[in-house]
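Next come the chains, spelled out residue by residue.
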Amino acid sequence: MALMTGEQYVESMRKLNLQVYMFGEKIENPVDDPILRPSLNSVKMTYDLAQMPEYEDLMTSTSNLTGEKINRFTNIHMNAQDLVKKVKMQRLCGQKTAACFQRCVGMDAFNAVYSTSYEIDEKYGTHYFENFKKFLQYTQEKDLTVDGAMTDPKGDRSLAPHAQKDPDLFLHVVERRPDGIVVRGAKAHQTGFVNSHEVIVMPTQSMGPEDRDYAVSFACPTDAEGIFMIVGRQSCDTRKLEGSDIDVGNSRFGGMEALVIFDNVFIPNDRIFLDGETEFAGVLVERFAGYHRQSYGGCKVGVGDVLIGAAAAAADYNGAARASHVKDKLIEMPHLNETLYCCGIACSAEGAQTKSGNYLIDLLLANVCKQNVTRFPYEIARLAEDIAGGLMVTAPSEKDLRDPKLGRYIDKYFRGVNDVPTEDRMRMMRLVENLTLGSAAVGYRTESMHGAGSPQAQRIMIARQGNIGMKKKLAKDIAGIKES
């Protein structure tokens, strides 16, 4: 099958029997729901861009399984250049949507499961790698969007999965049959699940022998029997119900997260990639986390590009662009943004081949990348809010602007530079609000902190991979100190 167009993707989602709940009600048509549709549009853009000749090199690749042209979001990275192009693609998608485009998690899951399943088979003689390649080829040929599900609710963080009072707080196997397994539990904060055809489930942390039932990875359709999702709230989400193009800030694109329940879901044997090999749970988590921390050096940078542009435009509209302190802030914002990009490119360029043949990023540099992402977007957002001014959160509604009586007063008193329409100024202010405080902030500011693991998770990995012992030896050699 050829690459899907954006419209074909939308129509393919209509065919799914997704069980979606929001505000206490079942959503019968998630595709056209006004709150959910902007998030679907963000995924649609990943298909639209792949159809454009000018973006073909970034948005598409060649399958290592079939030799056919595929969307890069279904690619297995076979060299360092693939890793670099991945980051560049993510920046492009961030620039085009100013939101979370949701396919990164699945792409990162593909590559983590690919190498890990190969190594499990090597040790135990299982067939997980062949299972996964079969599933991967299916998704590539159909050009499907695949979500990645790692985060369990976790309950009491001081207890291992098997020791939880409620065993379902970590997704686990409840029954093993000759033809497959039955799983129960939930995955939290699931970005893009509502807009995906399939999902790859992975364990959420390293596990010991007693956690065997929790060390499980598999794939299944997002509308499989027993799966339903509860959409998470976002700031300003109900503005999308008001029909205002201005007040939403970014009315075309957005992201969406959900709590996904797996209520006794059957998984056939050929869709299982890990089942009980507990020592590989941590390997899979570490590799997925590394790939996903690399991703943030692309997607957050692309959204940051839009936010920097919005702040600069707001300065123009306010008549403040020539102020020296504004100029300095508009230097600092790209400095921080490009530093994130440097980290994403660096961990990609330093990638190395795994036993399976695909490439893994430099894990230390990937964790440094994400550690910076937990900080720099917050400063970029702060500077954007500083430059924009208080009107970004105190502006009247679009209905007031359109009102025959009130509109002329809003136009009169909220005009900045005289030759810039007040409506344009309000639109830019609302875009800054959307990116820093509104629904897009979920995929920019807050996700920068908690996505792909909390800041402490990266610090643990940096401590583990930073090789302080080697650095101490370097210092002792230079200082002329002999080891006893």
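What counts and what doesn't
Residues numbered from 1 in each chain as written. Predicted model: local features only at pLDDT ≥ 70, side-chain atom pairs only at ≥ 80, totals over all residues. Heavy atoms only, no water. Pairing = 2+ DSSP bridges. Helix = DSSP H or I, 4+ residues; strand = E, 2+ residues; numbered from the N terminus. Phe/Tyr/Trp six-rings, centres within 6.5 Å; stacked < 30°, edge-to-face > 60°. Buried < 20%, exposed > 50% of the residue type's maximum accessible area, 1.4 Å probe, protein only. Lys NZ or Arg CZ within 6 Å of the ring centre and 35° of its normal. Axes fitted to C-alpha atoms, helices over the stretch in contact; angles between N-to-C directions. Left-handed = near helix turned anticlockwise from the far one by under 90°. Contact = heavy atoms within 4.5 Å. Nonpolar A, V, L, I, M, F, W, Y, C, P; charged D, E, K, R; others polar. Expected span 1.5 Å × (residues − 1). Salt bridge = Lys/Arg side-chain N within 4 Å of Asp/Glu carboxyl O. Polar contact = N/O pair within 3.5 Å; in protein donor to acceptor, adjacent residues only side chain to side chain. UniProt positions renumbered as here; feature names shortened; annotations may be inferred. Domains from an automatic or database assignment. Buried area = accessible area lost by both parts, 1.4 Å probe. Patch = residues over 30% accessible without salt bridge, like charges linked within 9 Å, V, L, I, M, F, W, Y side chains within 5 Å. Areas by Shrake-Rupley, 256 points an atom, 1.4 Å probe, with all protein chains shown as cover.

Quick notes on the sheet that holds strand 6 (residues 172-177)
Turning to step 1, where the next piece is worked out: Pairing within the open sheet is mixed, and its six strands lie in the order 2-1-10-11-7-6. Two strands close off the open sheet at either side, each with one partner strand: strand 2 (25-26) and strand 6.

Digging into the packing of aromatic side chains
Turning to step 1, where the next piece is worked out: Evaluated as defined, the whole model comprises twelve aromatic pairs.
Turning to step 2, where the next piece is worked out: Each ring, one from F110 and one from F132, has its centre 6.3 Å from the other, and the planes form 55°; the classification is tilted. With F110 in helix 5 (residues 104-124) and F132 in helix 6 (residues 128-142), this residue pair connects regions lying 22 residues apart in the sequence. When sorted by exposure, F110 lands in the same class as F132, which is buried.
Turning to step 3, where the next piece is worked out: A connected cluster of aromatic rings, assembled from ring pairs, spans F110, Y114, Y118, F129, F132, F135 and F273.
Turning to step 4, where the next piece is worked out: Above the plane of the ring of Y47 lies R103, whose end atom (NZ or CZ) is 4.5 Å from the centre.
Turning to step 5, where the next piece is worked out: Lying across the ring of Y296, K300 places its NZ or CZ 4.6 Å from the centre.

Focus on the packing of helix 4 (residues 80-97) against helix 7 (residues 281-318)
Turning to step 1, where the next piece is worked out: At a minimum axis separation of 7 Å, helix 4 and helix 7 run at an interaxial angle of 35°. By crossing handedness, the relation of helix 4 to helix 7 is classed as right-handed. Residues L83, K86, V87, Q90, R91, G94 and Q95 of helix 4 form the contact with helix 7, whose participating residues are Y291, Q294, S295, G297, G298, C299, V301, G302, V303, D305 and V306.
Turning to step 2, where the next piece is worked out: For the contact of helix 4 with helix 7, a count of residues per class yields seven nonpolar, eight polar and three charged.

Here we look at helix 5
Turning to step 1, where the next piece is worked out: Over its 21 residues, helix 5 runs 30 Å from end to end, which matches the ideal 30 Å to within 8%, given 1.5 Å per residue.
Turning to step 2, where the next piece is worked out: For helix 5, the tally of buried residues reaches 17 of 21 residues, placing the bulk of the element in the interior.
Turning to step 3, where the next piece is worked out: Just past helix 5, the residue G125 takes up positive phi, approximately 70°.

Concerning the pattern of salt bridges
Turning to step 1, where the next piece is worked out: For the coordinates displayed, the defined rule picks out 39 salt bridges.
Turning to step 2, where the next piece is worked out: Of the charged contacts, one joins D152 and K187 as a salt bridge, the two residues approaching to 3.1 Å between their closest N and O atoms. Taken as a pair, D152 in the loop between strand 5 (146-149) and strand 6 and K187 in strand 7 (residues 180-187) lie far apart in primary sequence, 35 residues in all.
Turning to step 3, where the next piece is worked out: Judged by relative accessible area, D152 falls into the buried class, the value being 2%.

Examining the side chain of T60
Turning to step 1, where the next piece is worked out: Within the secondary structure, T60 is located in strand 3 (residues 60-62).
Turning to step 2, where the next piece is worked out: Polar contacts involving the side chain of T60 include one to the main-chain carbonyl oxygen of E56, which spans 2.6 Å.
Turning to step 3, where the next piece is worked out: Leave out the neighbours within four places in its chain, and T60 touches L3, A50, K69, I70, N71 and R72.

Digging into the sheet that holds strand 9 (residues 216-221)
Whether parallel or antiparallel, the strands of a sheet pair through hydrogen bonds between backbone atoms.
Turning to step 1, where the next piece is worked out: The four strands lie next to each other as 5-8-9-12, forming an open sheet whose pairing is mixed. This sheet does not close on itself; its edge strands, each paired only once, are strand 5 and strand 12 (272-275). Taking each pair of neighbouring strands and ignoring which way they run, the sheet shows an average axis angle of 20°.
Turning to step 2, where the next piece is worked out: Both strand 8 (residues 198-201) and strand 9 contribute to a ladder of four bridges, which runs antiparallel.

Things to note about the UniProt feature "domain: HpaB/PvcC/4-BUDH N-terminal" (unreviewed entry) in the protein chain
Turning to step 1, where the next piece is worked out: According to UniProt, the positions carrying the feature "domain: HpaB/PvcC/4-BUDH N-terminal" (unreviewed entry) are residues 5-274.
Turning to step 2, where the next piece is worked out: For residues 5-274, the end-to-end C-alpha separation is 33 Å, with 30% helix and 21% strand making up the annotated structure.

Focus on the domain arrangement of the protein chain
A common way to state how big an interface is: give the accessible area lost once the parts meet.
Turning to step 1, where the next piece is worked out: For the protein chain, the assigned domains are domain 1 (6-282) and domain 2 (288-467).
Turning to step 2, where the next piece is worked out: A separation of 24 Å is found between the C-alpha centroids of domain 1 and domain 2.
Turning to step 3, where the next piece is worked out: In this assembly, 46 residues from domain 1 lie in contact with 49 residues from domain 2.
Turning to step 4, where the next piece is worked out: Of the roughly 3800 Å² buried where domain 1 meets domain 2, counting both sides, 62% is carbon and sulfur surface.
Turning to step 5, where the next piece is worked out: Taken together, the connections running from domain 1 to domain 2 amount to five salt bridges.
Turning to step 6, where the next piece is worked out: Note that E433 and R239 form a salt bridge whose closest N and O atoms lie 2.9 Å from each other.
Turning to step 7, where the next piece is worked out: Secondary-structure elements contributing two or more residues to the side of domain 1 that touches domain 2 are helix 4 and helix 5.
Turning to step 8, where the next piece is worked out: In terms of residues, the side of domain 1 that touches domain 2 owes the most to one element, helix 5, which gives eleven residues.

Digging into the environment of D143
Turning to step 1, where the next piece is worked out: Within the secondary structure, D143 sits in the loop between helix 6 and strand 5.
Turning to step 2, where the next piece is worked out: For D143, a relative accessible area of 1% corresponds to the buried category.
Turning to step 3, where the next piece is worked out: Each C-alpha atom, one on D143 and one on M22, is 28 Å from the other, the two residues being 121 residues apart in sequence.
Turning to step 4, where the next piece is worked out: Setting aside residues up to four positions removed in sequence, D143 forms contacts with L3, M4, Y47, N71 and R103.

Some thoughts on a nonpolar patch on the surface
Turning to step 1, where the next piece is worked out: On the surface, a nonpolar cluster with roughly 220 Å² of combined accessible area is contributed by Y21, I230 and L259.
Turning to step 2, where the next piece is worked out: Structurally, the position occupied by L259 is in strand 11 (residues 258-268).

What to know about the UniProt feature "binding site: FAD" (unreviewed entry) in the protein chain
Turning to step 1, where the next piece is worked out: With numbering aligned to this structure, UniProt lists the feature "binding site: FAD" (unreviewed entry) at T191.
Turning to step 2, where the next piece is worked out: Apart from residues lying up to four places away in sequence, T191 is in contact with C100, Q102, D147, M256, E257 and E447.

A few points about helix 9 (residues 363-373)
Turning to step 1, where the next piece is worked out: Summarising burial for helix 9: eight of the eleven residues are buried, a large majority.
Turning to step 2, where the next piece is worked out: Among all positions in helix 9, only L363, A366, N367, C369, K370, Q371, N372 and V373 are buried.
Turning to step 3, where the next piece is worked out: Where helix 9 is buried, its residues touch helix 7, helix 8 (324-349), strand 14 (359-360), helix 10 (376-388), helix 15 (440-450) and helix 16 (455-465).
Turning to step 4, where the next piece is worked out: Measuring from the backbone nitrogen of L364 back to the side-chain oxygen at the start of helix 9 gives 3.2 Å, which picks out D362 as the cap.

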